Amino acid sequence: ATAIALAAALAAACTSGPSAPDEGAYLQEVTEHRAAIERAFREQEDPIPADKRDKLLPLPYYEVDPSYAGPAPLKLADERPVFEMPTSTGKRRRMQRVGVLEFTLQGQPMTLGAFVEEGQEIANLFVPFADETTGVETYPAGRYLDLHPTSTGFYTVDFNKAYNPYCAYNQTYDCPFPPASNRLKVPIRAGEKAPAA
């Protein structure tokens with residue numbers, strides 16, 4: 001069982017204590033998040049060029065599935081090694097791996113490396129990843145998560161908010177590719193799908 005489903009089951013079995021997470025509110029929050037991205041992409045010059053907007057918008061998504069979201073403690077690295085991540089333009093982006101996110105997805109323990117730009121403080125984490133949908137149902141170069149710390153000190157890995165790198169819509173963008181350590185050996189059918197051809 002996922003962390004969310006487990007919390008709901010425990011809350012349902014108990015007449016006192018905190019209530020179960022509100023799935024309706026979560027669905028609404030993700031739907032509003034996606035709508036805000038859509039508005040921004042329609043109104044701003046970037047990342048989607050004006051002549052491609054009618055073809056690429058609305059963005060294609062998997063149905064929202066709460067089982068693809070859950071808490072993830074960050075196991076900090078003793079050192080912050082610098083990785084030169086290859087990018088879509090052939091350049092290399094210098095990123096520091098600050099640690100590993102440990103989480104459970106649909107009953108399976110998993111990890112993903114978390115990165116920041118070289119020299120930045122640890123706050124928001126950049127988490128590029130690939131999975132078994134990559135290049136089939138989702139963008140061939142992988143997808144991204146941007147994670148923000150919570151009041152508990154945990155992060156939330158929410159694949160419903162996984163998004164395509166901007167080079168999926170505009171080849172002038174320089175998009176890092178996920179490292180081998182961030183290639184999940186399961187299909188992640190959540191978040192953004194491959195853009196329209």
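Residues numbered from 1 in each chain as written. Predicted model: local features only at pLDDT ≥ 70, side-chain atom pairs only at ≥ 80, totals over all residues. Heavy atoms only, no water.

## Points about the nonpolar core
So, point 1. Counting 24 residues, the largest nonpolar core has Leu101, Leu125, Phe159 and Ile188 as its most contacted members.
So, point 2. Here isoleucine 188 is in contact with Tyr62, Tyr68, Leu105, Phe129, Asp131, Thr133, Arg143 and Phe159, once residues within four sequence places are set aside.
So, point 3. Within the second largest apolar cluster, 17 residues are counted, among which are Ile48, Phe126, Ala141 and Tyr169. (Core = buried A, V, L, I, M, F, W, Y, C linked by side-chain atoms within 4.5 Å. Buried < 20%, exposed > 50% of the residue type's maximum accessible area, 1.4 Å probe, protein only. Contact = heavy atoms within 4.5 Å.)

## Overview of the pairing of strand E3 (residues 82-86)
In the case of a regular strand, side chains alternate between the two sheet surfaces.
So, point 1. The sheet contact formed by E3 and strand E4 (residues 92-105) spans five bridges and is antiparallel. In the strand pairing of E4, proline 86 is matched with arginine 92.
So, point 2. The turn joining E3 and E4, which pair antiparallel and follow one another in sequence, is formed by five residues; a positive phi near 90° is taken by glycine 90. (Pairing = 2+ DSSP bridges. Helix = DSSP H or I, 4+ residues; strand = E, 2+ residues; numbered from the N terminus.)

## Side note on the confidence of the model for the protein chain
So, point 1. When pLDDT is averaged across the protein chain, the result is 87; 89% of the residues are at 70 or more.
So, point 2. Per-element confidence in the protein chain is highest for strand E7 (residues 143-147), whose mean pLDDT is 97, and lowest for helix H1 (residues 3-13), whose mean pLDDT is 37.
So, point 3. Note on residues 1-20: pLDDT under 50 across the span, and 12 contacts to partners over four residues away in sequence or across chains. (pLDDT = per-residue confidence, 0-100.)

## Comments concerning the pattern of salt bridges
So, point 1. The full count for this structure, using the stated rule, is eight salt bridges.
So, point 2. Among the salt bridges present, the one from glutamate 84 reaches arginine 94, with a minimum N-O distance of 3.1 Å. With glutamate 84 in strand E3 and arginine 94 in strand E4, this pair connects stretches of sequence that are 10 residues apart.
So, point 3. The class for glutamate 84 is partly exposed, based on a relative accessible area of 42%.
So, point 4. A salt bridge links glutamate 117 to arginine 93, with the nearest nitrogen and oxygen atoms 3.2 Å apart. Of this pair, glutamate 117 sits in strand E5 (residues 108-117) while arginine 93 sits in strand E4, placing them 24 residues apart in sequence.
So, point 5. Judged by relative accessible area, glutamate 117 falls into the partly exposed class, the value being 29%.
So, point 6. A residue is classified by how much of its surface remains accessible, and arginine 93, at 22% relative accessible area, is partly exposed. (Salt bridge = Lys/Arg side-chain N within 4 Å of Asp/Glu carboxyl O.)

## Description of the layout of surface pockets
Over the atoms a probe the size of a water molecule is rolled, and this reveals where empty space is left.
So, point 1. Counted as a void, the largest pocket has a volume near 430 Å³.
So, point 2. Considering the residues around the largest pocket, the lining is formed by 23 residues, among which His33, Asp146, Leu147, His148 and Lys161 are closest to the centre.
So, point 3. Listed by contribution, the elements that provide at least two residues to the lining of the largest pocket are helix H2 (23-43), E7 and strand E8 (155-158).
So, point 4. The element best represented in the lining of the largest pocket is H2, accounting for six residues.
So, point 5. Of the residues that constitute the lining of the largest pocket, the class distribution is 11 nonpolar, six polar and six charged.
So, point 6. Along its surface, the second largest pocket is lined by 17 residues, and Arg93, Met95, Glu117, Phe126 and Asp146 are the ones closest to its centre.
So, point 7. Where the lining of the second largest pocket is concerned, the elements lending two or more residues are E4, E5, strand E6 (125-129) and E7.
So, point 8. The dominant element in the lining of the second largest pocket, judged by the number of residues it contributes, is E5, at three residues.
So, point 9. Residues that form the lining of the second largest pocket fall into these classes: 11 nonpolar, two polar and four charged. (1 Å grid on protein atoms, 1.4 Å probe; cavity = no way out; pocket = protein on both sides within 12 Å on 5 of 7 lines; lining within 4 Å. Points joined across faces, edges and corners; volume = space filled by probe spheres on them. Nonpolar A, V, L, I, M, F, W, Y, C, P; charged D, E, K, R; others polar.)

## Here's the deal with empty space enclosed by the protein
So, point 1. With the rule as written, the count across this model stands at one cavity of 30 Å³ or more.
So, point 2. Empty space within the largest cavity amounts to approximately 40 Å³.
So, point 3. Tyr68, Ala69, Gly70, Phe103, Thr104, Leu105, Val157 and Phe159 together form the lining of the largest cavity.
So, point 4. Of all the secondary-structure elements, those providing two or more residues to the lining of the largest cavity are strand E1 (69-72) and E4.
So, point 5. Broken down by element, the residue count for the lining of the largest cavity peaks at three residues, all from E4.
So, point 6. Taken together, the residues of the lining of the largest cavity break down into six nonpolar, two polar and no charged.

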